[in-house]
Amino acid sequence: MLKGKKILLGITGSIAAYKSILLVRLLVQAGAEVKVVMTPAATDFVSKLTLATLSKNKVLVELADEATWSNHVMLGRWADVMLVAPASCNTLAKMAAGICDNLLQATYLSATCPVVVSPAMDEDMWHHASTQRNLSMLREAGNAVIPVGKGELASGLYGEGRMAEPEHIIEYLEENFFRGSNLKDTLCLVTAGPTYEAIDPVRFIGNHSSGKMGIAVANELYMNGAQVHLVLGPVESSNIRSGIKVTKVNTAEEMYNACASAFPATKLAVMAAAVADYTCKEVAPCKIKKSEGHLNLELEKSKDILASLGAVKKEDQFLVGFALETNNEEENALKKLASKNADLIVLNSMRDEAAGFKKDTNKVTIFDREQKRISYEAKEKHLVAKDIVELIIQKLHAKA
Ligand code: CTP
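Here goes a summary of the coordinates provided. Nothing here was measured: the structure is a model prediction, and the numbers come from that model. (Residues numbered from 1 in each chain as written. Predicted model: local features only at pLDDT ≥ 70, side-chain atom pairs only at ≥ 80, totals over all residues. Heavy atoms only, no water.)

Counted according to the given criterion, the structure contains 18 salt bridges. For Glu165, the salt bridge goes to Arg162, with nearest N and O atoms at 3.2 Å. Classification of Arg162 as partly exposed rests on a relative accessible area of 24%. In this structure, the salt-bridge partner of Glu329 is Arg351, at a minimum N-O distance of 2.8 Å. Of this pair, Glu329 sits in helix α12 (residues 329-339) while Arg351 is found in the loop between β17 (344-349) and β18 (361-362), placing the two residues 22 residues apart along the sequence. Sharing partners across several salt bridges, the network here consists of Lys19, Arg162 and Glu165. (Salt bridge = Lys/Arg side-chain N within 4 Å of Asp/Glu carboxyl O. Buried < 20%, exposed > 50% of the residue type's maximum accessible area, 1.4 Å probe, protein only. Helix = DSSP H or I, 4+ residues; strand = E, 2+ residues; numbered from the N terminus.)

We now examine the pairing of strand β7 (residues 158-162). As defined by bridge partners, strand β6 (residues 149-152) adjoins β7 across 4 bridges and the pair is classed as antiparallel. Bridging from a neighbouring strand, Gly151 pairs with Gly159 of β7. In textbook terms, the turn of a hairpin is the stretch between consecutive antiparallel strands, and for β6 and β7 this stretch comprises 5 residues, one of which, Gly156, has a positive phi near 95°. (Pairing = 2+ DSSP bridges.)

Glancing now at the site of the ligand. Of all residues adjacent to the ligand, which total 16 residues, the nearest are Met271, Ala273, Leu306, Phe322 and Lys340. A distance of 2.9 Å is found between an oxygen atom of the ligand and a side-chain nitrogen or oxygen belonging to Asp277. In the environment of the ligand, a nitrogen atom lies 2.9 Å from a nitrogen or oxygen atom belonging to the backbone of Ile305. In isolation the ligand exposes 570 Å². Once the protein is present, 78% of that is buried. Breaking the shell around the ligand down by element, the ones donating at least two residues are α11 (305-312) and β16 (318-325). (Near = heavy atom within 4 Å. Polar contact = N/O pair within 3.5 Å; in protein donor to acceptor, adjacent residues only side chain to side chain. Areas by Shrake-Rupley, 256 points an atom, 1.4 Å probe, with all protein chains shown as cover.)

Next up on the list: the sheet that holds strand β3 (residues 81-87). Across a sheet, strands are paired by hydrogen bonds formed along the backbone, either parallel or antiparallel in direction. Ordered by their spatial adjacency, 5 strands build an open sheet running β2-β1-β3-β4-β5, and the pairing between neighbours is parallel. Whereas interior strands pair on both sides, the edge strands pair on one side only; in this sheet they are β2 (33-38) and β5 (144-145). In this structure, strand β1 (residues 6-11) lies alongside β3, joined through 4 bridges in parallel fashion. Residue pairing in the sheet places Leu8 in a bridge with Met82 of β3.

A separate point is a nonpolar patch on the surface. On the surface, a cluster of nonpolar side chains totalling about 380 Å² of accessible area is made up of Tyr278, Leu295, Leu297 and Leu299. One can find Leu295 in the loop between β14 (278-280) and β15 (299-301). (Patch = residues over 30% accessible without salt bridge, like charges linked within 9 Å, V, L, I, M, F, W, Y side chains within 5 Å.)

In this section: the packing of aromatic side chains. For any two aromatic rings, the description comes down to two numbers: the centre-to-centre distance and the angle of the planes. Here the structure, examined in full by the defined rule, presents 2 aromatic pairs. Judged by centre distance (3.7 Å) and plane angle (10°), the ring pair of Tyr196 and Phe204 falls under stacked. With a relative accessible area of 25%, Tyr196 lands in the partly exposed category. According to the relative accessible area criterion, Phe204 is partly exposed, its value standing at 44%. Sitting over the ring of Tyr222, Arg179 keeps its end group 3.7 Å from the ring centre. (Phe/Tyr/Trp six-rings, centres within 6.5 Å; stacked < 30°, edge-to-face > 60°. Lys NZ or Arg CZ within 6 Å of the ring centre and 35° of its normal.)

Attention now moves to the side chain of Glu174. Relative to the helices and strands, Glu174 is located in helix α8 (residues 166-177). Its relative accessible area of 13% is what places Glu174 among the buried residues. The residues contacting Glu174, other than those within four sequence positions of it, are Met1, Leu2, Arg179, Met223 and Arg241. (Contact = heavy atoms within 4.5 Å.)

Here we take up the environment of Leu297. In this fold, Leu297 is placed in the loop between β14 and β15. Linking Leu297 and Asp101, residues 196 residues apart in sequence, is a C-alpha distance of 76 Å.

Pairing within the open sheet is mixed, and its 8 strands lie in the order β12-β11-β8-β13-β16-β17-β19-β20. On the outer flanks of this sheet lie β12 (245-248) and β20 (373-375), each paired with one strand and no other. Adjacent strand axes in the sheet meet at a mean angle of 15° when their direction is disregarded. Direction of pairing for strand β11 (residues 227-232) relative to β12: parallel, over a ladder of 4 bridges. Each residue of the ladder has a partner; that of His229, found in β12, is Lys245. This element, α12, spans β16, β17, β19 (365-368) and β20 of the sheet and lies at about 150° to β17. (Axes fitted to C-alpha atoms, helices over the stretch in contact; angles between N-to-C directions.)

Encoded structure:
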């Protein structure tokens, strides 16, 4: 996503400038071109040499030295995004007031690209009315502000004002400026994770699904420009792109209800959840006490979400299912493709070392309606999601 993107990084005088070193490294690793402009105060905290080495570009501080004048206008035009991180209280105030007393300010004032600031300061400064007013002015002027974090501050106090972590800043840039447009505004529904079917107030029937594969697919759809609604079973919901709408559910019935109401407006649905096939006919109101002999639970079939969506699917809707198998993989996957009226089915086999619950990798084979199969190498789940979404995009474009 950041490959080939031009990021102009402004660094100001704040102890958080040490994080800019990692930020530059991560940006360069992600394939971005990085140029760094520092305020004179920033050079007290981090060295030009370190930043020049990591960014592979000369670091600029002064508007002019004896021999050259730094063309701040062209710097702002070169960049796809200007990011000021850390943005100190002083720099924020100067940006809001339009003061032009150093190269960073001159570059900001002449930048034609979007500008993002990632503030860093102590909590009292952060909450000061002047700082908050300056931030409002900067937002009104069309700049973006990355929220500060809460935690230990340079003063030793604990509170708000920490600069966002470099990984978070990168995610922010990707999500806000560099999303693709292959699925622009396409409404997508994704299910992920297990479902828990209650036995009594303290026990449930569940499975080992981590939701990682479905979340990776939701993220990938989102980064291709889609509007994504993720219906997520009871798992950890970190690593979900912030623009994704998330509906948390527990049971198969709740997942079914959420999907049934969202599906009519949906263009593309990817059902990656490991939904319980059976649910308790009756949930005991109190904890079941152990007694002599066996315990019999009466289970009834839960609704098959993928099959129900397949049954009402319209011509312009595209439906993708998953099949997790332990044996007769291909035959079972093809049966599911047909019986659930899906357009694609993604098969993963528990017999593959790289596949299975809770792992960060997967190995899939995808079948289409013509029973054409595409087998992929084992790879990390976010890369598997890329393959799946790439194929979906091809199919959607071929259909259009
Ligand atoms: N699925 C669903 N609702 C269910 C059961 C499954 O939407 N109640 C979906 C899954 O999300 C997946 C596909 O159906 O996309 C296949 O799920 P899987 O568990 O592999 O198969 P089942 O249909 O449950 O059949 P079986 O357990 O017999 O293999």
